[in-house]
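The residues making up each chain are set out below.
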Amino acid sequence: MSSFLRSLSSMRPVAQRVLRTCGVLKRGAETNQQFHHLSHHQSLTLSRVSPVSAAAIVLHKQPMSSSVAQYDVPRTGGRPADIQGAVNRIQSTLGRNGNIAKDNLLELYNLMTTTGIVSGSHVLIALRSCGNALAELPAAERTQLVHQIWNSLEQLGCMFDTSHYNTMLSVLIQNEHEFSPTEFLANMESNDVEPNRATYQHLVAGYCTRGDIEGARKILEHMKEKGYPVTESVFNSLINGHAQSDDMSSAEGILNIMRSAGMQPSANTYTTLLCSFVKKGDMENYGRIMSESSESGVTLMDRHLLKLYYHLVLAGQTEEANNIQEKMMKQAVHKQDIINISMNLTTLGHVEAAYQLVKMLPMISEAEFNSEETFQHRGAFFISHLVKTNQPVERVVAYTQRMREDGLHTDAVIIALSSALQCKRADMVFALCRRMKEDGVPVRPHYFWPLLAETSSARNLDSTMKILTDTLEFCEPDADTLTNYVIPLVEDQSYLDVVAMMKSIGVPITDDITVALIRNEINRGRVGSAAEILAENRVPFSQLRTNLVSTFSNNPDSKGTTTLLNVYSADATPTNDPVGQFLLTLLENNETGGAGEMNNLNVHLETLLKELRNEGCLISSQANYRQIQEILTENELPGLKRIVYQLRTRYNNMDSSRPAARVGQYYENMDSLEERLAAVLSDGANADNLLRQLISAQAYHGNLDKSMQYKGMLEENGGQLTAGNYAYLIDASCKAGKHDMAVELKTAMESNQEFILDMNKYQRLIESAVRNGKKDQALQFFHELKDRQIPMTEANRSLLFHTVNNIAQMGDVELTKTVIDTVFELQLSPVTPNILSTLPSVFLDGDDVGGLLDVAEYCIAKYRLLPRTHDIFVKFINASDLTSLQRIMDLSSEIRGEMNMLYDLLFAFVWCGKTEQARKIVETPGLRAVAPRIKWFTDKCVADNKPAELETFLDLSKNLFDCDRNKIYWAALELCDRGNDWENALKLWDKSQEEEFIPSNAILKKLGEILLRNNQAVPFEIPEDIDTKEGDIVSHEPNTGKKSGINRNMRSFLDRGLVDDAWTLREDLRNNSGTPIDNNTNSSFIRKFVQTDQLAQARSVFTQMLEEGSRPLDIAVNELLSAYANKGDIEGLKTTGEEWVAGNFMKRPRLPINKYILLSYVNRNDIDLAVDYIRQELAGGEVSERQLGTRAMFSRLISIGVDNDIEKVRSLVQELSERGSMRQAYDLFYAFVEHDRFYEAEKLLIDIPMIKSAHPEWILGFIAQLSKRVADDNDLKRLSRAVALVEPAINDKTVLYRYLIKSYSVMDQCDNAMNLYQKLLTEGLDIDEIVKKNLAECLKRNGKPVPFDEPPESYDFYAQKYKSGRFAGQQ
């Protein structure tokens, strides 16, 4: 970020601004298509439609003005994902700025009318957007537009419900449009739409807008009959109505009526009355009411003062408007109001007054990124709006200069340029570029792409060259500009002719022209021609790689591609590896497209690899070679692996030898062990091993006395206890309350062998010492944890917390403090609220408020942390201990900031039912929504089943700035769903109508389900679950056009390590341009964030994709899960798995969550928990043995090589096999073989003989897997040893040897293959055609005679024949 800020005079600031509206900065042939959409939007004329119902008359349908009728909207494919994307852009802009862009609304309208895909919530958003939120249009045009949308959607058959009529009413009122409320109500009833409380409130406002007080009174009488309350908003409407009828006395009298009804006039009420006086020009009474409001203790916030400012400006009261401006506090929470009013004033021609508001925007400092410089980026919307409202060029340029001089926006001219490009104002584009040149700001070639796109797509060479000539005043065209817009128009000319043409208009002759010409040839599929140009005019391979990969993927030309790569291969080095870079990029791009793309590429890739091998084009980078082989292995392409193996220039054979692990003993169930012990003792044999197993087994089951008895027998025989024996005995002693015995055992263990207890055993010892009053010894054990360097993994830190917490629960506060101090001083744990929370927890369940304050002050004073803050605040409030509450507030504000303290206090007041106090907190100037804090509280309300508290917070959140209330409504609805409370659920719907809040589709669907479940009428259209139905469309989009180009551009950034640039482009596209981000790109972001250890970002993209109904690619999800496993984050794994399942992406087998959880346990060194987890999952019956994923866990465990842990797994496998669960035994056997630990594998076959006989087909399957992986001599040696090991268990030796002969043949080891063939003949075994065909091909490749009749058909023919026969035999 700091580098971005420092480079204001370089490309990046300009590029980013233009990108946000134009979607440029392309690298590839698809750019022309991308900008075709920018420069040639198809017009969507909002033509009038004939009246279709009385609603059209009631709504005063009028002919569209030219400004509305000529809106241009880009036509799209019209999929549900496009519509949801348009909705998301509107909601995002509305949330950030409080307004929406006209183009975004017209895009949504176009999508709904052209596709016919219309949902109730989308209609609500479209209608609502025609009100004050559409600040860039005058009110009259907004009204015309909302009429057009309503009528068009009605023609499509859209069924309007109460919420739609209410929204229409609200928009008409906001736009101050006169309409007949009586006819509107009659039309609703004629269409069987039942008005609700919000409808009547809006109708009152409608009558009052016309000054019809009598009409308003009739509605009020009707409301009284219905039992609807008269709210503050109704009184405010009456004030406006009396003012409209020139009865200011009655308008002011409403204040007294409110007071008599027990309702105090609020700031909103006074603002309504003040604005009425301003409209009448009665500044005397205006001043009087202003003074009265101040004397009444009513504070006008900035949002009220801004409304006054707006009306004062319109009334020409400039002096008073300036006075009001000076009174404002200029807080960030009112940024949206400032933006909207400024845009409205600009639209109405009051540009200078609007600019004065822009100057009030809160300063945005980036000093935290660069302490030497402060950059300002305020008021970009103002400049954009000047351009969009067709202000003169001179005025726009003048204001850009003023904004820079006033310190508002350091690059306002760039914002203006971006908007001018979007609006296609070429005169302004060049004028602004001249200003940039005068100011010393570089002008980049891609700024002119939208202008070039228009002429280039029309195949107008003269116009294109004219624009290119004009741009030379500012900059030289780069390779991308020439590639996308110029060369395609002259591709039929020779290289020299193109160079001459460029030279004739003044374009410097550089490598960019050569790059553009070569790219064009590649893009057109003429790779051989590109190679010819390249042979005489060398350019960096990096500038051609993306084009070459794209062309080969779509139109494979192995010979031409090889010729081109051969040009570079002579200069290849380990750091400059064109062949490896090309192959790696090609494989990665096609891999993200799924198995289908990889299979389609397979044949062509094999041809290419052979061409490269024959031409001597080698892979020079070991890193590239390794990654290529990994991808081929994952996709099970051993044939390609072998060819790639031949393309390497250097390969370091890894030493596969590993130190043999000690083969320890395992113990069976105790009855069996004791029987074996008796038999061994009767034979006079050595029973030490059995005694050791019995010691551990009895201690494990809590039989301490018997364990000690066997211990005595072992010592009498001169045997020694193992470290595991001591660990079990110490644990059993602590559990039995024999602390001294435990300490003695620990001392004996440490004197006999070098062994360190784990955290589990230290926890037992520490707690035992405290219980027995040996505090000093307990503290000494903590020091041992440090001295002996016990690794503090996440699991061990969890045990440490439980240790401290258990000590705290024993009631000795001073000892707990000492223990906590010791833990932190020894750095056994970072200072976190988790461990500190053990102190206040002791007092929160009791009545000792003073003790609670003491420990809270201790935590803050010593560690600057306040654990269990919410519970402490609640405790003091419920105890009415205001002194302690004030003290803790002061301390909390000091360490956590005032904003966090206010949220702590707000949540505590709500929790304790102190609504008025909570309301005062919400009204605190400057308080704004903090999403994580709000989510924490709503989650807590749901978890603790607190509907009343949640409803209170929902009411309060209405006035909380920048608050996403959808999540609060959802939480409240969850509680209704949990209790099947349809009445409260329906009240939530009524509340949303009164507040003009648009619920999300998810809320509407859940609410509808609750009502239907209880046989209640649903007053709205229940949204269809289109996400699930359309999932395939979203997931498998064709890579064409603008969307594909931008997505590939982002992936290109990621490939080059420009993650920040790619992310910035992604967010800009999501929020502004409307370009959907495809699954491949989002999945690439997940993978890149995982690779750079940014798991929070990876998880954010993952969650966004699921929420939007798209499916992350399996490889990305697996890499994310693997990263969680490597960090030991089991919670992250479980949550990710739950979200995946909830996403309903079940067309492929479910994610191997269990496998990663087990790997996580291994990485956390929690083997005991892993073993327990396996037992628990298998016992539950919800997961099969195969789905459990123990093979990966065993493999990881063996690679680490901790013998004691391996023995625990061996014991588990033995236990499970005795119960008939054999999969884990096979998995352990496979893991031993894969790590070349054949001694342990053989021992396992002896100990569990059922492995040989239970499932021989599993063993054959494993041998087949090994044979597919053979790529070098080490792989072949491993396969050979594995075959020898399992041979006695396999009856069909021919099948077993077939895999080995095939691997010998592939590796061209003809002698070994022939020896095995002779063995088959000697033993009289049948030799099938597959074996003979493999062996014959190997012999012929190596120039050796074939001593048998070679089968005439191809190898594939016999392989298919074998598969068919095997399948038939299974029927």
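The coordinates are above.
Residues numbered from 1 in each chain as written. Predicted model: local features only at pLDDT ≥ 70, side-chain atom pairs only at ≥ 80, totals over all residues. Heavy atoms only, no water.

Chemist: What's the story with the overall build of the chain in this structure? I'm lost.
Modeler: Summing up its helical and strand segments, the chain has 79 helices and 0 strands in all. With 1371 residues in all, the chain has 53% of them scored as buried. Within the chain, counting contacts between residues at least 6 apart in sequence, those at least 24 apart form 68% of the total. Total accessible area on the chain is roughly 59400 Å²; 47% of this is exposed by carbon and sulfur atoms. (Helix = DSSP H or I, 4+ residues; strand = E, 2+ residues; numbered from the N terminus. Buried < 20%, exposed > 50% of the residue type's maximum accessible area, 1.4 Å probe, protein only. Contact = heavy atoms within 4.5 Å. Areas by Shrake-Rupley, 256 points an atom, 1.4 Å probe, with all protein chains shown as cover.)

Chemist: Teacher, can you tell me more about the side chain of Glu320 here?
Modeler: In this structure, Glu320 sits in helix H19 (residues 318-327). Despite its burial, Glu320 pairs with no opposite charge, the nearest such side chain being Lys327 at 5.0 Å. A polar contact is formed between the side chain of Glu320 and the side chain of Tyr286, at a distance of 3.0 Å. Not counting the four nearest positions on each side in its chain, Glu320 is found in contact with Met283, Tyr286 and Leu312. (Lys, Arg positive; Asp, Glu negative; His and termini not counted. Salt bridge = Lys/Arg side-chain N within 4 Å of Asp/Glu carboxyl O. Polar contact = N/O pair within 3.5 Å; in protein donor to acceptor, adjacent residues only side chain to side chain.)

Chemist: Which parts of the structure should I look at to understand the packing of aromatic side chains?
Modeler: Aromatic ring pairs are described here by two measures, namely the spacing of the ring centres and the angle between the planes. Inspection of the entire model under this criterion finds 31 aromatic pairs. Judged by centre distance (5.0 Å) and plane angle (75 degrees), the rings of Phe824 and Tyr863 are edge-to-face. Of this pair, Phe824 sits in helix H46 (residues 813-825) while Tyr863 is found in helix H49 (residues 849-863), placing the two residues 39 residues apart along the sequence. Feature note: the residues Tyr903, Phe907, Trp911, Trp936, Phe937 and Phe953 constitute an aromatic cluster, connected by ring pairs. The ring of Trp911 carries the charged tip of Lys940 above its face, separated from the ring centre by 5.1 Å. Lying over the aromatic face of Trp1258, Arg1223 brings its terminal NZ or CZ to 3.9 Å of the ring centre. (Phe/Tyr/Trp six-rings, centres within 6.5 Å; stacked < 30°, edge-to-face > 60°. Lys NZ or Arg CZ within 6 Å of the ring centre and 35° of its normal.)

Chemist: Can you walk me through the nonpolar core in this structure?
Modeler: Grouped together as the largest cluster of nonpolar side chains are 129 residues, with contacts concentrated most on Phe382 and Phe448. Counting residues per element, this core draws most heavily on helix H24 (residues 412-423), which supplies 8 residues. Other than its neighbours up to four places away in sequence, Phe382 contacts Ser342, Thr346, Val351, Ala354, Tyr355, Val358, Tyr399 and Met403. The next biggest cluster of nonpolar side chains, apart from the first, holds 118 residues, and it includes Leu691, Val813, Val819 and Ile820. (Core = buried A, V, L, I, M, F, W, Y, C linked by side-chain atoms within 4.5 Å.)

Chemist: Just checking my understanding: could you explain unusual backbone geometry for this structure?
Modeler: Peptide bonds are, in most cases, trans, and in most cases residues other than glycine have a negative phi. Even without a glycine there, the phi angle at Gln827 is positive, about 60 degrees. Note that Gln827 resides in the loop between H46 and helix H47 (833-836). Overall, Gln827 belongs to the exposed group, its relative accessible area being 63%. A positive phi angle, close to 60 degrees, is found at Asp1236, a residue other than glycine. For Asp1236, the position within the fold is in the loop between helix H71 (1223-1234) and helix H72 (1238-1247).

Chemist: What is the right way to read the pattern of salt bridges from this model?
Modeler: Close approach of charged atoms allows side chains of opposite charge to pair. Evaluation of the coordinates by the stated rule reveals 44 salt bridges. A salt bridge links Asp705 to Lys738, with the shortest nitrogen-to-oxygen separation between them at 3.8 Å. Of the two residues, Asp705 is situated in helix H40 (residues 704-716) and Lys738 in the loop between helix H41 (723-735) and helix H42 (739-752); the sequence distance between them amounts to 33 residues. You can call Asp705 exposed: its relative accessible area is 59%. Owing to a relative accessible area of 36%, Lys738 belongs among the partly exposed residues under this scheme. The salt bridge involving Glu1119 is made with Arg1087; its shortest N-O contact spans 3.0 Å. Placement of the pair is Glu1119 in helix H65 (residues 1114-1127) and Arg1087 in helix H63 (residues 1079-1091), with a sequence separation of 32 residues. Among the charged side chains, a network of salt bridges with common partners joins Glu1207, Arg1210, Lys1243 and Asp1247.

Chemist: So what exactly am I meant to see when it comes to the environment of Leu565 here?
Modeler: Take Leu565: it is sitting in helix H33 (residues 558-569). With near-sequence residues (within four places) excluded, Leu565 lies in contact with Phe541, Leu548, Pro578, Val579, Phe582, Leu612 and Cys617.

Chemist: For this particular structure, what's the right way to read the environment of Leu134?
Modeler: As for its placement among the helices and strands, Leu134 is situated in the loop between helix H8 (120-128) and helix H9 (139-155). Put simply, Leu134 and Met343 are 209 residues apart on the chain and 9.4 Å apart in space, counted from C-alpha to C-alpha. Here Leu134 is in contact with Ile100, Ala101, Lys102, Leu105, Ser129, Arg142 and Leu145, once residues within four sequence places are set aside.

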